[in-house]
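Here's the letter readout for the chains.
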Amino acid sequence: MTSTVPPAVHDEQHAEAQAEPPITMFGPDFPYAYDDYLAHPAGLGQIPATEHGAEVAVIGGGLSGVVTAYELMKMGLKPVVYEADRVGGRLRTVGFEGCDESLTAEMGAMRFPPCSTALQHYIDLVGLETKPFPNPLAADTPSTVVDLKGESHYATSVDDLPDVYHQVMHAWNACLEDGADFSDMQRAIRERDIPTIRTIWAQLVEKLDNQTFYGFLCDSPSFTSFRHREIFGQVGFGTGGWDTDFPNSILEILRVVYTGADDDHRGIVGGSQQLPLRLWTREPQKLVHWERGTSLSSLHGGEPRPAVTRLHRTAGNRITVTDTDGDIRTYRAVVFTAQSWMLLSKITCDDSLFPIDHWTAMERTHYMESSKLFVPVDRPFWLDKDEETGRDTMSMTLTDRMTRGTYLLDDGPDKPATICLSYTWCDDSLKWLPLSANERMEVMLKSLGEIYPKVDIRRHVIGNPVTVSWENEPYFMGAFKANLPGHYRYQRRLFTHFMQDRLPEDKRGIFLAGDDISWTAGWAEGAVQTALNAVWGVMTQFGGAADATNPGPGDVFDDIAPIELPED
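Residues numbered from 1 in each chain as written. Predicted model: local features only at pLDDT ≥ 70, side-chain atom pairs only at ≥ 80, totals over all residues. Heavy atoms only, no water.

**What to know about the overall build of the protein**
Quick note on the threshold: Think of it this way: any DSSP run of H or I at least four residues long counts as a helix, any run of E at least two long counts as a strand, and we number them from the N terminus. We compute the radius of gyration from the C-alpha atoms alone; for a globule the expected value is 2.2 Å times N to the 0.38, where N is the number of residues. Here the term buried applies to any residue with accessible area under 20% of the maximum for its type, exposed to any over 50%, and partly exposed to those in between, with areas from a 1.4 Å probe on protein chains only. The contact rule is simple, with two residues in contact once any of their heavy atoms fall within 4.5 Å. The protein chains shown are the only cover counted for residues, whose accessible areas, like all others here, come from Shrake-Rupley with a 1.4 Å probe. Counting rule for charge: Lys and Arg are taken as positive, Asp and Glu as negative, and neither His nor the chain ends is counted. Charged groups are reduced to one reference atom each: NZ for lysine, CZ for arginine, CG for aspartic acid, CD for glutamic acid.
Along the backbone of the protein there are 19 helices and 21 strands. Relative to a compact globule of 568 residues, whose C-alpha radius of gyration would be 24 Å, the protein shows 23 Å and is just as compact. By the burial criterion, 61% of the 568 residues in the protein qualify as buried. Relative to all contacts within the protein whose residues are 6 or more apart in sequence, the contacts with residues 24 or more apart total 74%. A total accessible area of about 21,800 Å² is found for the protein, and carbon and sulfur atoms account for 48% of it. When the 49 basic and 82 acidic side-chain charges of the protein are each reduced to a single mean position, those positions are 4 Å apart.

Written as structure tokens, this is what we have:
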């Protein structure tokens, strides 16, 4: 799932970059080429034939769980997937009751950067198409309105905005360059120069682990102006404002801007939930042990097992799983891919499942709240031209009003369309929490009516709104993790958990995966990367190994391990 991050590159730098190697989500914490690992003809590895058919529990049917199960199945293991809600997790695409089936709303992840190359492997594998996502001021966005303190500015590009917005953009670029070696790090990521990445990042982690995003701005000579910081927080550039991220660790932000995850977003045609659903039913061409035509769906009789209610260790260092049907099964290996807070509240767990410092890391995890509301409309009326100004009737909108971000989504001028009336985070999301979908819509239409007094949005609405507040979803409890200052050590423990030879023998056998275990929570790429880590860990536990020509993440771990900060 994407966060709200402005681009960190001047337009001229962006143009020059087109001839260079692409920026990918390669590091900076663990610079391993997951895309190359997936593309290698030798595959991810293999297990001994004596282990074929052995069951492995995979808890959570989101993208990370489905990728984990899919790759374990290809190796000849039998994944048993448990899912409390629906396959897809926060890749959740819904329709509108009574409306054309082609009209959908992305309640979770809706925009994906090209730098997500491991994610792209699976998008291509299942034959999905992507198209440019209409972020504010993006090249494919017809127009953007920035509305602050009651004053609106119409823009078809950043050049149309008043000078103060250019000052803010340049201040952000200078802040990154001066305080975070931005150009050097991006060059190293493009070239996959591991020594340089690790050298730069080691210095920054030690220096900045205790720093908030807002503190980082305040320490920069480029952001001495409160007005500039306020505009940057409320509006930003690229995908929107930043103030909801201000309390978070600056390291979280740097990971995103270094790797270009904030830029050139694309949406999945037909909805992002198709990705896990197609993997669920996909019949791999190359798989071991299972007969041709086997899929995750066929192994499960079409549906995953229900929600897990209890996890505990039993004799022989096995993990025993109880689900809501009362079914009790025991496994040699379990991969847990749901949000880690589930282990603290929704699932009864033995303390012996994890070392105490891992429990502490999970307890300290900080999740962001997020809400959305969508309405279906009869057509993309916002493309109509105002007779007086010649401008679009309505635009992609960034504002300090309650709606914060409004996105206009269509598949052509003659088809029904969708408006994301509001996309909000943290405190802004909590303001909506007590309100029903219709109550939310009324407040949003009022706010947008103040920005567009001549536009009657309600006249075009053809169905009921759909909404989500991820902090109120019982199997999520938040949108995604966002580390606070001082949390680097906790994140390292969770990410490196797949290297179980570092753990006491009685704490092995259960593996953590999912985007909140990754260094880039909220991004589908992190879900895929940690799934591949867990696959390597399970393969190793069953006596398997990666091909010597295609070493897995654990095989090269000691050479590229995340920086370790002292505990004392």
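Further notes follow.
**Quick word on the sheet that holds strand S15 (residues 370–377)**
Basically, it comes down to this: Note: two strands are recorded as paired if DSSP finds a minimum of 2 bridges between them. Every axis corresponds to a line fitted to the C-alpha atoms, with the helix fit spanning only the stretch in contact, and the corresponding angles, defined between N-to-C directions, vary from 0 to 180 degrees.
Pairing is mixed in the open sheet, where 7 strands are placed in the order S7-S6-S16-S17-S18-S15-S19. Across the chains shown, the open sheet's two edge strands, defined by having one partner strand only, are strand S7 (151–155) and strand S19 (466–469). With direction set aside, neighbouring strand axes in the sheet form an average angle of 15 degrees. Bridge count between strand S16 (residues 396–399) and strand S17 (residues 405–409): 2 bridges; the pairing is antiparallel. Residue Leu398 lies in a different strand from S17, and its bridge partner there is Gly405. Against the sheet, helix H16 (residues 437–451) engages strand S6 (144–148), S7, S15, S16, S17, strand S18 (417–425) and S19, with an angle of about 80 degrees to S15.

**So, the sheet that holds strand S11 (residues 328–331)**
Taken together, 4 strands build an open sheet; the order of strands is S11-S10-S9-S13 and the sheet is mixed. A single partner strand is all that each edge strand has here, and the edge strands are S11 and strand S13 (348–349). For strand S10 (residues 318–323) and S11, the ladder comprises 4 bridges, and the chain directions are antiparallel. Note on S11: the bridge partner recorded for Thr322 is Ile328.

**A look at the packing of aromatic side chains**
The test is simple: Each pair of aromatic rings taken from Phe, Tyr and Trp, with Trp reduced to its six-membered ring, is defined by centres within 6.5 Å and is described as stacked if the planes are under 30 degrees apart, edge-to-face if over 60, and tilted in the remaining cases. The rule is short: NZ of Lys or CZ of Arg within 6 Å of the ring centre and within 35 degrees of the ring normal puts a charge over the ring.
Per the stated rule, a full pass over the model turns up 29 aromatic pairs. The interplanar angle of 80 degrees and the centroid separation of 4.6 Å between the aromatic rings of Phe213 and Trp242 together place this pair among those described as edge-to-face. Of this pair, Phe213 sits in helix H8 (residues 213–219) while Trp242 sits in the loop between helix H9 (226–234) and helix H10 (250–258), placing them 29 residues apart in sequence. On the basis of relative accessible area, Phe213 is assigned to the buried category, the value being 0%. An aromatic cluster is present here, built from Phe30, Tyr32, Tyr34, Tyr37, Tyr488, Phe495, Phe498, Trp519, Trp536 and Phe557 joined pairwise through their rings. The side chain of Lys346 reaches across the aromatic face of Tyr475, ending 5.0 Å from its centre. Lying across the ring of Tyr423, Lys372 places its NZ or CZ 4.5 Å from the centre.

**Focus: the confidence of the model for the protein**
Interpretation of the predicted coordinates at a detailed level should be avoided for regions scoring low in pLDDT. Here is the rule we go by: Each residue carries a pLDDT score, the predictor's confidence in it, ranging from 0 to 100.
For the protein, mean pLDDT is 94; residues scoring 70 or higher make up 96% of the total. Ignoring residues within four places in sequence, the model shows residues 1–17, a span with pLDDT below 50, making 65 contacts including any to other chains.

**A closer look at the pattern of salt bridges**
Definition in use: Here, a salt bridge means any side-chain nitrogen of Lys or Arg that lies within 4 Å of a carboxyl oxygen of Asp or Glu.
Applying the stated criterion across every chain, the model contains 36 salt bridges. In this structure, the salt-bridge partner of Glu363 is Arg364, at a minimum N-O distance of 2.0 Å. For the salt bridge of Asp428 with Arg404, the shortest nitrogen-to-oxygen distance reads 2.6 Å. You can see Asp428 sitting in helix H15 (residues 426–430) and its partner Arg404 sitting in the loop between S16 and S17, a full 24 residues away along the chain. Across this residue pair, the class does not change: Asp428 and Arg404 are buried. When salt bridges with common partners are traced through the structure, they connect Arg305, Asp323, Asp325, Asp327 and Arg329 into a single cluster.

**A closer look at the pairing of S15**
By the criterion of burial, S15 is predominantly enclosed, with 8 of the 8 residues buried. As defined by bridge partners, S15 adjoins S19 across 4 bridges and the pair is classed as antiparallel. Within S19, the residue paired with Ser371 across the bridge is Ser469.

**Some details on the side chain of Ser469**
The topology assignment puts Ser469 in strand S19. Classification of Ser469 as buried rests on a relative accessible area of 6%. Not counting residues up to four positions away in its chain, the partners in contact with Ser469 are Ser370, Ser371, Leu433 and Arg440.

**Side note on the layout of surface pockets**
For the record, the criterion: Site definitions follow a grid-based scheme: protein atoms alone, a 1 Å grid, a 1.4 Å probe that fits but cannot get out for cavities, and for pockets an open set with protein on both sides within 12 Å along at least five of seven lines, plus lining residues having an atom within 4 Å of a point. Grid points are joined across faces, edges and corners, and a volume is the space filled by probe spheres set on the points. The classification used treats Ala, Val, Leu, Ile, Met, Phe, Trp, Tyr, Cys and Pro as nonpolar, Asp, Glu, Lys and Arg as charged, and all other residues, Gly among them, as polar.
Put simply, the largest pocket is a space of about 720 Å³. Listing elements by their share of the lining of the largest pocket, those giving two or more residues are strand S4 (104–106), strand S5 (130–132), strand S8 (266–268), S17 and S18. The leading source of residues in the lining of the largest pocket is S4, at 3 residues. Grouping the amino acids of the lining of the largest pocket by side-chain chemistry returns 18 nonpolar, 9 polar and 7 charged.

**Here's the deal with unusual backbone geometry**
Geometrically, the link from Gly27 to Pro28 is a cis peptide bond, its omega value of 10 degrees lying close to zero. Looking at the element boundaries, Pro28 is found in the loop between helix H1 (11–17) and helix H2 (34–39). One non-glycine residue, Lys149, adopts positive backbone phi at about 50 degrees. Structurally, Lys149 can be placed in the loop between S6 and S7. The backbone of Met477 shows a phi angle near 65 degrees, a positive value even though the residue is not glycine. Among the structural elements, Met477 can be located in the loop between S19 and strand S20 (480–481).

**A short note on the side chain of Thr496**
Stated precisely, the cut-off is as follows: The term polar contact refers here to a pair of N or O atoms within 3.5 Å; inside protein, the definition further demands a hydrogen-donor-capable atom paired with an acceptor-capable atom, and it admits residues adjacent in sequence only when both atoms are side-chain atoms.
Mapped onto the fold, Thr496 is located in the loop between helix H17 (488–495) and strand S21 (510–512). Note on Thr496: relative accessible area 13%, which makes it buried. One polar contact links the side chain of Thr496 to the main-chain carbonyl oxygen of Arg492, over a distance of 2.7 Å. Residues within four places of Thr496 in sequence aside, it is in contact with Phe557 and Pro562.

**As for the packing of helix H3 (residues 63–75) against helix H4 (residues 117–125)**
Using the following cut-off: Any angle between 65 and 115 degrees counts as roughly perpendicular, while under 35 counts as roughly parallel, over 145 as roughly antiparallel, and the rest as oblique. Left-handed describes a crossing in which the near helix is turned anticlockwise from the far one by less than a right angle; the clockwise case is right-handed.
In contact at an axis separation of 13 Å, H3 and H4 are set at 70 degrees when each is read in the N-to-C sense. Classed by the angle they form, the pair H3 and H4 counts as roughly perpendicular. Between H3 and H4 the crossing geometry is left-handed. Where H3 approaches H4, its residues Leu63, Val67, Tyr70 and Glu71 are matched on the opposing element by Leu119, Tyr122 and Leu125. When its residues are assigned to classes, the contact of H3 with H4 shows 6 nonpolar, no polar and 1 charged.

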